[in-house]
Structures are given as C-alpha cells and as structure tokens.
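Descriptive analysis of the structure
Each chain, letter by letter, is given below.
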Amino acid sequence: GTEGEGVSDQILSLASRAVFLPMSGFMQSLNVAVACGMLLQRLFDLAPEARGDLVPDDRVALRQRLLQAVPRLATGTGAGGGGGG
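What comes next concerns the included structure.

What counts and what doesn't
Residues numbered from 1 in each chain as written. Predicted model: local features only at pLDDT ≥ 70, side-chain atom pairs only at ≥ 80, totals over all residues. Heavy atoms only, no water. Salt bridge = Lys/Arg side-chain N within 4 Å of Asp/Glu carboxyl O. Buried < 20%, exposed > 50% of the residue type's maximum accessible area, 1.4 Å probe, protein only. Patch = residues over 30% accessible without salt bridge, like charges linked within 9 Å, V, L, I, M, F, W, Y side chains within 5 Å. Areas by Shrake-Rupley, 256 points an atom, 1.4 Å probe, with all protein chains shown as cover. Helix = DSSP H or I, 4+ residues; strand = E, 2+ residues; numbered from the N terminus. Expected span 1.5 Å × (residues − 1).

Points about the pattern of salt bridges
- Evaluation of the coordinates by the stated rule reveals one salt bridge.
- Residue Arg-59 is joined to Asp-53 by a salt bridge in which the shortest nitrogen-to-oxygen separation is 3.3 Å.
- Judged by its relative accessible area of 42%, Arg-59 falls in the partly exposed class.
- Of the residues examined, Asp-53 reaches a relative accessible area of 68% and is grouped as exposed.

Below you can see the structure in the form of structure tokens.
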C-alpha cells in the first residue's frame with residue numbers, strides 16, 4: 001500500500017491474515033524491509049523452532065547459488081566489497 005492510504009481493499013481481500021504493527025514516537029510509517037524484520041523477530045521470539053538452520057554443506061551450496069545469481073557479488077565489484085561473510 002501507499003503511506004497515505006495503506007493497503008487497497010483489493011489486496012487486503014487476498015490476504016489470509018492482517019497484522020498490526022504498533023508504532024510510537026515520531027514514526028508515521030515503516031518501510032517493508034523494517035516491517036518484515038519486526039514480524040520475523042516476533043515470530044522467532046514466539047516460536048523459536050521456526051528459526052531453523054542449514055547444515056554447513058547446504059549453507060555453502062546456497063551461498064554459491066546466490067552469488068552466481070548476482071555475478072557482481074561474486075566478483076567483488078558490488079557495493080560492500082564483495083562476497084565476504
């Protein structure tokens with residue numbers, strides 16, 4: 001949705017659940033990345049078993065697949081200095 005009007009009735013009708021994120025202070029809106037992070041953190045607080053983890057071999061394979069999907073990350077030419085981590 002937009003900051004001024006929120007989610008449209010059409011999009012809301014497609015959702016299986018609506019979530020309210022309380023805000024205090026001077027904030028009037030949250031971007032989608034911040035809102036997603038807040039929701040995931042709350043999910044993991046309430047249900048730690050939802051966190052999951054990858055075995056080391058799967059983690060390496062997934063990282064390689066992601067780096068291949070974005071070649072500039074694999075070559076180190078992207079912002080942030082490359083594929084460290």
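Side note on a nonpolar patch on the surface
- On the surface, a cluster of nonpolar side chains totalling about 390 Å² of accessible area is made up of Val-7, Ile-11, Leu-12 and Leu-14.
- Here Val-7 is to be found in the segment before α1 (9–14).

Quick notes on helix α3 (residues 56–69)
- If you check α3, its first and last C-alpha atoms are 20 Å apart, about what 14 residues at 1.5 Å a residue would give, namely 20 Å.
- The buried count for α3 comes to one of 14 residues, which makes it a mostly uncovered element.

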